Amino acid sequence: MDYYSGQINKLIEALGSLPGIGAKTAQRLAFHIVNMPEEDVKRLASAMTEAKSGVRYCKCCCTLTDDELCPICKSPARDKKTIMVVENSRDLAAYEKTGKYNGVYHVLHGAISPMLGISPADLKIKELLERLKDDVNEIIIATNSSIEGEATAMYLSKLIKPIGIKTTRIASGVPVGGDLEYIDEVTLLRALDGRTEL
Ligand code: ZN
């Protein structure tokens with residue numbers, strides 16, 4: 001039985017499809033939104049549509065950015081010969097927050113997962129290999145320590161090592177299955193400093 005109007009239901013359904021939003025939260029948000037001043041609702045809606053249409057992949061590292069190149073790839077202060085491979089832009093942000101990493105990144109946008117049907121071709125691996133044609137000293141594989149992250153690290157090291165580039169893996173002080181973005185800075189830095197060659 002429908003308790004609410006069709007439009008409210010539609011809003012609840014749309015909000016409920018977002019990650020981490022359960023049925024109750026979706027309901028609360030939907031009622032909050034319809035009670036908001038119209039101006040605020042418009043601002044919220046346009047922030048979403050503008051971000052969706054304006055955000056793109058950095059031409060070099062594939063992170064999400066507004067420009068052709070992200071600020072990190074653009075910066076002359078960053079060491080372009082050290083590339084840290086991460087699963088997503090949130091992991092990149094986690095390492096950036098430590099302020100201690102001076103290299104650049106490569107964002108895969110996921111990890112290999114046969115269960116979810118994510119194959120290497122679905123990730124930004126081709127783009128990474130393209131970057132290895134330039135002068136690169138080290139590839140730091142910083143995928144999560146989940147099964148998917150480990151499988152991806154293994155896959156990448158098999159691809160990269162034969163090229164003759166030093167390939168390292170961050171230390172697994174990082175809790176198994178833990179998303180990098182939820183790990184504190186000290187643990188992240190310890191994982192980075194304790195990286196070992198593959
Ligand atoms: Zn970039």
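Refer to the structure presented above.
Quantities reported herein were computed from a predicted structural model and do not represent experimental measurements.

**Q** I'd like a rundown of the overall build of the protein chain, residues and numbers included.
**A** Helices and strands together make up the secondary structure of the protein chain, namely eight helices and seven strands. In terms of principal-axis extent, the alpha carbons of the protein chain reach across some 65 × 35 × 35 Å. Here the protein chain holds 198 residues, and the buried ones make up 37% of them. Sequence-distant contacts in the protein chain: of pairs separated by 6 or more residues, those separated by 24 or more amount to 55%.

**Q** So what's going on with the pattern of salt bridges? Which residues, and what values?
**A** Counted by the stated rule, this structure contains nine salt bridges. Lys59 is paired through a salt bridge with Glu68; the nearest N and O atoms lie 3.1 Å apart. Accessibility expressed as a relative area gives 45% for Glu68, which makes it partly exposed. Note that Lys81 and Asp135 form a salt bridge whose closest N and O atoms lie 3.0 Å from each other. With Lys81 in strand S3 (residues 79–86) and Asp135 in the loop between helix H6 (125–131) and strand S5 (138–141), this residue pair connects regions lying 54 residues apart in the sequence. Lys81 gets classed as partly exposed once you look at its relative accessible area, which sits at 34%.

**Q** Describe the pairing of strand S4 (residues 103–107), naming the residues involved and giving the relevant values.
**A** The buried count for S4 comes to five of five residues, which makes it a mostly enclosed element. In this structure, S3 lies alongside S4, joined through five bridges in parallel fashion. Counterpart to Val85 in the pairing with S4 is His106. Regarding the hand of the β-α-β motif, the stretch spanning S3, helix H5 (residues 89–98) and S4 is right-handed.

**Q** I'd like to hear about the sheet that holds S3, residue by residue, with values.
**A** As summarised here, the arrangement of the five strands in space is S4-S3-S5-S6-S7, forming an open sheet in which the pairing is mixed. The sheet terminates laterally at S4 and strand S7 (196–197), the two strands that pair on one side only. Both S5 and strand S6 (residues 166–169) contribute to a ladder of four bridges, which runs parallel. If you follow Glu138 over to S6, its bridge partner there is Lys166. The strands that helix H7 (residues 147–160) touches are S3, S5 and S6; relative to S6, the one it contacts most, it runs at about 170°.

Criteria and cut-off values
Residues numbered from 1 in each chain as written. Predicted model: local features only at pLDDT ≥ 70, side-chain atom pairs only at ≥ 80, totals over all residues. Heavy atoms only, no water. Helix = DSSP H or I, 4+ residues; strand = E, 2+ residues; numbered from the N terminus. Buried < 20%, exposed > 50% of the residue type's maximum accessible area, 1.4 Å probe, protein only. Contact = heavy atoms within 4.5 Å. Salt bridge = Lys/Arg side-chain N within 4 Å of Asp/Glu carboxyl O. Pairing = 2+ DSSP bridges. Right-handed = clockwise from strand over helix to strand, strands pointing away. Axes fitted to C-alpha atoms, helices over the stretch in contact; angles between N-to-C directions.

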